[in-house]
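A look at the structure
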Amino acid sequence: MPDEPLVIRDPAAMTAASRAARARGQRVGLVPTMGALHAGHLSLVDYARANSDLLVVSVFVNPMQFNNQGDLDNYPVTWEADFALCAQHRVDVIYAPTVDAMYPEGFQSKVLVEGLTQEMEGEFRPGHFDGVTTVVLKLFAAVRPDMAAFGQKDYQQLKVVERMSQDLDLGVKVIGRPTVREPDGLALSSRNVHLSPDERQRALCLRRALDQARELAAGGETEVAAIEAAAGEVIAQTEGARLDYLAVVHPDSLERLQRLQGPSRMCLAVWLGDTRLIDNDALN
Ligand code: PAF
């Protein structure tokens, strides 16, 4: 039986534990999560385990990043399973602050990253990234990690957090790790539990749209409009699927591209019933 992780709920206690580890010469690694852990999170945990001495997984469903109350209310909470998985994967500390500890009465600060947050998720989920950057900065402040691991499935989030860490001299090495997929290609997401069996099948349209775009790019198509149209058609042809956006962007600046001339990334968000899924992949 592995040692059980220590659960810390208080930001000051978390900082004290991190300081003590650093004083012993240990490297501190952080995997920020909202719980409902799945194999995608666990691949981040395993990576961080191999690259740090004190491994902290934060579990905090952050109300500030939800622009829709129903989405927040329905966000899956699976504390006991999360705890067991953290124990199995040799997590040292689960940092699970309460909402009151994170946002006490009188709280009025916000972290804003500008350009990168304007399009895609930023357009369809107003305020979402202000919530993400604010909470991630607070997690970094409490945990003081040397390194923090994020999934590439939330590609725009990864770029925004990298930017914030660099701009604000946080000294945290932000690592992006590949998306983990089901054998049939569906990207793992805590929201997948909300899909009905039918919607789960139709959700493969995201992967198919990405494959379609990659095939066109591999075949020499360079006009982004043609690629986006063909990928969009895959979604349009899927019964019950509704596209929020589909965009081919530069992988670092996230600016929309007209032509494929160098590295690029296609990102999309699609509704299946009441569930909104996102995915992305490199085109070349
Ligand atoms: O990706 C997530 O689960 C969340 O956005 C994060 C980074 C834990 C911040 O709440």
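Above this text sits the structure in question.
Residues numbered from 1 in each chain as written. Predicted model: local features only at pLDDT ≥ 70, side-chain atom pairs only at ≥ 80, totals over all residues. Heavy atoms only, no water.

Digging into the sheet that holds strand β7 (residues 241-249)
Spatially, the three strands line up as an open sheet ordered β7-β8-β9, and their pairing is antiparallel. Two strands lie at the open edges of the sheet, namely β7 and β9 (275-282), each paired on one side alone. Averaged over all pairs of adjacent strands, the angle between strand axes in this sheet comes to 15°, irrespective of strand direction. In this structure, β7 lies alongside strand β8 (residues 265-272), joined through eight bridges in antiparallel fashion. Directly across from R242, in β8, lies its bridge partner W271. Contacts between helix α11 (residues 224-236) and the sheet are confined to β7 and β8, with β7 contributing the most and set at about 160° to the helix. (Pairing = 2+ DSSP bridges. Helix = DSSP H or I, 4+ residues; strand = E, 2+ residues; numbered from the N terminus. Axes fitted to C-alpha atoms, helices over the stretch in contact; angles between N-to-C directions. Contact = heavy atoms within 4.5 Å.)

A look at helix α1 (residues 11-23)
Turn by turn, an α-helix covers 3.6 residues, leaving residues three or four places apart pointing in a common direction. Compared with an ideal rise of 1.5 Å per residue, which puts 13 residues at 18 Å, α1 spans 18 Å between its outermost C-alpha atoms and is within 8% of the ideal. M14, T15, S18 and A21 are the residues of α1 that are buried. One side of α1 holds all its buried residues, which, seen down the axis, span an arc of 125°. Seen from the buried face of α1, the exposed residues on the opposite side, beyond 90 degrees, are A12, R19 and A23. (Expected span 1.5 Å × (residues − 1). Buried < 20%, exposed > 50% of the residue type's maximum accessible area, 1.4 Å probe, protein only. Arc of directions from axis to C-beta.)

A short note on the packing of helix α7 (residues 128-143) against helix α8 (residues 155-167)
Axis separation between α7 and α8 bottoms out at 10 Å; the angle between their running directions is 50°. Judged by the inter-axis angle, α7 sits oblique to α8. Remark: the crossing between α7 and α8 carries right-handed chirality. When α7 is examined against α8, the residues F129, V132, T133, V136, L137 and F140 are found in contact with a partner set consisting of Q156, Q157, V160, V161, M164 and S165. (Parallel < 35°, antiparallel > 145°, perpendicular 65-115°, else oblique. Left-handed = near helix turned anticlockwise from the far one by under 90°.)

Structural notes on the packing of aromatic side chains
The tally for this structure, following the rule as stated, stands at five aromatic pairs. For the pair F66 and Y75, a centre-to-centre distance of 5.6 Å together with 75° between the ring planes defines the contact as edge-to-face. For Y75, a relative accessible area of 9% gives the class buried. Through a chain of ring-to-ring contacts, three or more aromatic side chains come together here, namely F60, Y103 and F107. Against the face of W79 rests R9, its NZ or CZ located 5.2 Å from the ring centre. (Phe/Tyr/Trp six-rings, centres within 6.5 Å; stacked < 30°, edge-to-face > 60°. Lys NZ or Arg CZ within 6 Å of the ring centre and 35° of its normal.)

As for the layout of surface pockets
Looking at the second largest pocket, its volume works out to about 210 Å³. Residue lining of the second largest pocket: 16 residues in total, with V59, F60, V61, V77 and P97 positioned closest to the centre. (1 Å grid on protein atoms, 1.4 Å probe; cavity = no way out; pocket = protein on both sides within 12 Å on 5 of 7 lines; lining within 4 Å. Points joined across faces, edges and corners; volume = space filled by probe spheres on them.)

Observations regarding the pattern of salt bridges
Per the stated rule, a full pass over the model turns up 20 salt bridges. One salt bridge connects D92 with R49, and the closest N-O pair in it is separated by 3.0 Å. Residue D92 is located in the loop between α4 (79-88) and β4 (93-95), and its partner R49 is located in helix α2 (residues 39-50); the two are separated by 43 residues in the primary sequence. According to the relative accessible area criterion, R49 is buried, its value standing at 12%. Across the salt bridge formed by R259 and E223, the nearest N and O atoms sit 2.4 Å from each other. Pair noted here: R259 is in the loop between β7 and β8 and E223 is in the loop between α10 (204-218) and α11, with a separation of 36 residues, a long-range link. (Salt bridge = Lys/Arg side-chain N within 4 Å of Asp/Glu carboxyl O.)

Looking at the pairing of strand β3 (residues 54-59)
Within β3, six of the six residues are buried, which leaves the element mostly enclosed by the surrounding structure. Side chains of β3 alternate between two faces, with L54, V56 and S58 and L55, V57 and V59 buried alike. Of the pairings in the sheet, the one linking strand β2 (residues 28-33) to β3 comprises six bridges and is parallel in character. When the bridges of β3 are listed, P32 appears paired with S58. Crossover handedness for the path β2 to α2 to β3: right-handed. (Right-handed = clockwise from strand over helix to strand, strands pointing away.)

With respect to the nonpolar core
Ranked by internal contacts, the top residues of the largest apolar core, which has 40 residues, are M14, V56, Y95, V136, F140 and F150. Counting residues per element, this core draws most heavily on α7, at eight residues. Excluding its chain neighbours within four sequence positions, the residues that come into contact with F150 are P32, L44, V136, F140, Q157, L158, V161, V174, I175, G176 and R177. Formed by 25 residues, the second largest nonpolar core is a distinct cluster that contains A203, I227, L268 and L272. (Core = buried A, V, L, I, M, F, W, Y, C linked by side-chain atoms within 4.5 Å.)

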